[in-house]
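# Fold and contact review
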Amino acid sequence: MTEAVSSDEQSAPLSPIPPDVGVHHVGSDAPFYIGMVVLGGTYVLLLIAMLAADLFYTSPDHVLAALAKPAIQYSLKLSLISCSLTALLSLWVAVPIGYLLARHRFWGRDLVDAILDIPIVLPPLVVGLSLLILFQFWPFQLAADWIVYQIPAVILAQFMVACAFAVRTMRVTFDQIDPRCEQVALTLGCTRAQAFAMVVLPEAKRGIITAATLAWARSLGEFGPLLIFAGATRMKTEVLSTTVFLELSVGDLEAAVAVSILMVAAAITVLVIARVWGSRDLTL
Amino acid sequence: MIAVEELSLCIGSFALERVSLSVPVGKYGVLMGKTGCGKTTLLESIAGLKRIQNGQIVLGDRTVTHLRPAERGIGYVPQDGALFSTMTVREHLTFAMVIRKNGQQAISRRIEKVAELLSIGDLLERKPFGLSGGERQRVAFGRALSFEPAVLLMDEPLSALDDETRNQMYDLIRRVRTQTVVTALHVTHNRQEAAELGDVIFQMEDGTVKEIDE
């Protein structure tokens, strides 16, 4: 050991190594978390404040008084029926589309995928206007009399937007299901249809519930397309969202808020259903 | 028997060129090769799950090259078992027979036999969730054997198991072989599995398959 050390180093005594040398100092994580909480928390607080304001503005009497009006009762009934029909129709369409997009690579798949996202990004008013224009062309023109500004228009307008959300949900659902399970089912003797019905659909159950509740909630909230394509005729094509608009336009703020509370209650119910029976990681 | 003659396929940038192999009736073939060399793809082509460009596939006395997977009479055990998460073990075992519309009595008899052979009798009412790796593999085997196929294809069925469970599976597979006449092709990259189980061993390399003598 002594031979390797030079004469210079040998003369000075070795000082003890300070405890901090070679240790990497890291700043506190607190500012990071505080920043995230402040940003996120502001939004959450705003949401809660908004709902609280609605609740405090109205009272159970207002809500009951609003519910007593025949126009609003009709609107409530039409909303419930049309949203349910829209949800069913959306599922009917979204399940095959979602399955095909998830399972098969076909030419133009990305384009179709993008087109299916259009109703989500397009302003709802544009969707309504486009539907109106569509029904001026043949062959849609032939059905215009019994659709445009009539009850079927409510369902069609709701469907055009709600279905896009359902398709997205079903695409993600089928993406997450292992295709190997279907392949095994094929080797066990199934046709594609049997493999789909017996193996894939049961696995997709939670996703289907989520897609249905999403479509339902979305159609409840739809306003723009309905106004333009179905009109907001009292006792005919009026649904809860257009009721709020109509009550506001005649200056009855209390009734408008009362109906809004009804819609908030419906939205919360739907969210609870989606979380309990649906798929946790699919609720948009 | 399993016979592949001059099989060629091309998927994206991956290709198999004029691959041939033959496993005699009732024998156990083991296909080895490095990960990613195409063993799974070859197995899937034999099962009818991947389209081939050229060549013939003969299973038993039938040329099945253009038949759909459902018509080939194959028991297929994919990697990780791929069990049906919403079905009980019993439903896994009855699945193939229900599709074939077998009678209730025939189905019950068959389930009893398969469950006993694979020691899964006490798992019948359970769902895949919570089963151990060894139990899942046995259910996957049971499902594949439930309709008495002539051919069994297995894709690395033992790779996810620990040593002790794997040894138990060797015994199980030997037991199955004494009780059923099935021609098997077992894909693995594990030399010990090949030595323990294989009657005929193949090596896949650079898109070709050669039989090797051990």
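Structural data are supplied above this passage.
Residues numbered from 1 in each chain as written. Chains lettered and ligands numbered in written order. Predicted model: local features only at pLDDT ≥ 70, side-chain atom pairs only at ≥ 80, totals over all residues. Heavy atoms only, no water.

### Regarding the overall build of chain B
Applied cut-off: A run of H or I in DSSP counts as a helix once it spans at least four residues, and a run of E counts as a strand once it spans at least two, with each numbered from the N terminus. For a compact globule the rule gives 2.2 Å times the number of residues to the power 0.38, and the radius of gyration it is set against comes from C-alpha atoms. Exposed residues in this analysis have more than 50% of their type's maximum accessible area, buried residues have under 20%, and partly exposed residues fall in between, with area computed by a 1.4 Å probe over protein chains only. What makes two residues a contact is simply this: any of their non-hydrogen atoms within 4.5 Å. Note that accessible areas follow from Shrake-Rupley with a 1.4 Å probe, and for residues the cover is restricted to the protein chains shown. Charged residues are defined here as Lys and Arg on the positive side and Asp and Glu on the negative side; His and the ends of the chain fall outside this count. Think of each charge as sitting on NZ of Lys, CZ of Arg, CG of Asp or CD of Glu.
What chain B contains, in helices and strands, is six helices and 10 strands. Its C-alpha atoms give chain B a radius of gyration of 17 Å, within 12% of the compact-globule value 17 Å for 214 residues. Each principal axis of the C-alpha atoms in chain B carries an extent, and together these give about 45 × 40 × 30 Å. By the burial criterion, 54% of the 214 residues in chain B qualify as buried. The long-range fraction of contacts in chain B, counting pairs at least 24 apart against all pairs at least 6 apart in sequence, stands at 70%. As displayed, chain B has an accessible area near 10,000 Å², and 47% of this comes from carbon and sulfur atoms. Across chain B, the 26 positively charged side chains and the 28 negatively charged ones have centroids separated by 6 Å.

### So, the packing of helix H3 (residues 60–68) of chain A against helix H4 (residues 70–103) of chain A
When two helices pack together, their arrangement is given by the angle between the helix axes and the distance between those axes. All names here are of chain A. Operational definition: To obtain each axis, a line is fitted to C-alpha atoms, and for helices this fit is confined to the stretch in contact; angles are then taken between N-to-C directions over 0 to 180 degrees. Here the angle decides the label: under 35 degrees means roughly parallel, over 145 means roughly antiparallel, 65 to 115 means roughly perpendicular, and every other value means oblique.
Taken N-terminus to C-terminus, the directions of H3 and H4 make an angle of 85°; their axes are 5 Å apart at the nearest point. In this view, H3 runs roughly perpendicular relative to H4, as classed from their interaxial angle. Counted together, Ala66, Leu67 and Ala68 of H3 and Pro70, Ile72, Gln73 and Leu76 of H4 form the full contact between these two elements.

### As for the interface of chain B and chain A
Quick note on the threshold: Reported buried area values correspond to the accessible surface (1.4 Å probe) lost by two parts on association, with both partners' losses combined. Put simply, a salt bridge is a Lys or Arg side-chain nitrogen that is within 4 Å of an Asp or Glu carboxyl oxygen. Identification of polar contacts relies on pairs of N or O atoms within 3.5 Å, with a donor-acceptor requirement for protein atoms, meaning one able to donate a hydrogen and the other able to accept it, and with residues adjacent in sequence counted only if both atoms are side-chain atoms.
Each partner contributes to the interface: chain B provides 21 residues, whereas chain A provides 15 residues. Counting the surface lost from both chain B and chain A, the interface buries some 1,800 Å², and carbon and sulfur atoms represent 66% of this. By the criterion of area lost to chain A, the three top residues of chain B are Phe84(B), Phe95(B) and Ile99(B), representing 27% of everything that side buries. In this assembly, chain B and chain A are joined by zero salt bridges. Summed over the shared surface of chain B and chain A, the number is three residue pairs in polar contact (both at pLDDT 80 or more).

### Concerning the state of the cysteines
Joining two cysteines, a disulfide is a covalent bond between their sulfur atoms. All names here are of chain A. Quick reminder of the rule: When the sulfur atoms of two cysteines come within 2.5 Å, that pair is taken as a disulfide.
Applying the stated criterion across every chain yields a total of zero disulfides over all chains. Residue cysteine 163 stays outside any disulfide, its sulfur separated by 14 Å from that of cysteine 83, the closest cysteine. Of the cysteine sulfurs around cysteine 190, a residue in no disulfide, the closest is that of cysteine 181, at 12 Å.

### A short note on the nonpolar core
Residues and elements named next belong to chain B. Keep this limit in mind: The nonpolar core is taken to be a set of buried Ala, Val, Leu, Ile, Met, Phe, Trp, Tyr and Cys residues, with the residues joined through side-chain atoms within 4.5 Å.
In this structure, Leu42, Ile46, Phe84, Phe95, Leu153 and Leu185 are the most contacted members of the largest nonpolar core, which totals 44 residues. Beyond its immediate sequence surroundings of up to four residues, leucine 185 is in contact with Ile2, Leu21, Val23, Gly29, Val30, Leu31, Leu43, Ile46, Leu152, Leu153, Met154 and Phe202. Counting residues in each nonpolar core, the second largest holds 37 residues, with Val77, Leu117, Leu131 and Phe141 among its members.

### Some words on the side chain of Thr242(A)
Residues and elements named next belong to chain A. On the secondary structure map, threonine 242 appears in helix H13 (residues 240–249). Relative accessible area serves as the criterion here: at 0%, threonine 242 is assigned to the buried category. Apart from the residues lying within four places of it in its own chain, the contact partners of threonine 242 are Phe223, Leu227, Ala232 and Thr237.

### Describing helix H1 (residues 39–47) of chain B
Extensive coverage of H1(B) is indicated by the burial of eight of its nine residues. Phi turns positive, to about 90°, at Gly48(B), one or two residues after H1(B).

### Notes on the packing of aromatic side chains
Residue and element names in this part refer to chain B. Quick note on the threshold: Pairing of aromatic rings covers Phe, Tyr and Trp, the last counted by its six-membered ring, and requires centre-to-centre distances within 6.5 Å; plane angles under 30 degrees mean stacked, over 60 mean edge-to-face, and any other angle means tilted.
What the rule picks out here adds up to eight aromatic pairs over all chains. Aromatic pair phenylalanine 84 and phenylalanine 95: ring centres 5.2 Å apart, planes at 50°, arrangement tilted. One end of the pair, phenylalanine 84, is in the loop between strand E6 (74–77) and helix H2 (89–99); the other, phenylalanine 95, is in helix H2, and 11 residues separate them in sequence. With respect to class, phenylalanine 84 is no different from phenylalanine 95; both count as buried.

### Points about a nonpolar patch on the surface
Selection rule: Two distance rules govern patches: like charges are joined within 9 Å, and nonpolar side chains (Val, Leu, Ile, Met, Phe, Trp, Tyr) within 5 Å, applied only to residues with over 30% relative accessible area and no salt bridge.
A cluster of nonpolar side chains, contributed by Tyr43(A), Val44(A), Leu45(A), Leu47(A), Ile48(A), Met50(A) and Leu51(A), occupies part of the molecular surface with about 700 Å² of accessible area. Topologically, Ile48(A) is positioned in helix H2 (residues 30–57).

### Observations concerning unusual backbone geometry
Backbone torsion omega between Trp138(A) and Pro139(A) reads 0°, so that peptide bond is classified as cis. Locating Pro139(A) in the fold gives a position in the loop between helix H6 (124–134) and helix H7 (144–147). Even without a glycine there, the phi angle at Ala82(B) is positive, about 50°. Phi at Glu156(B) is positive, roughly 40°, even though this residue is not glycine. Following the sequence through the fold, Glu156(B) ends up in the loop between strand E7 (151–155) and helix H5 (163–179).

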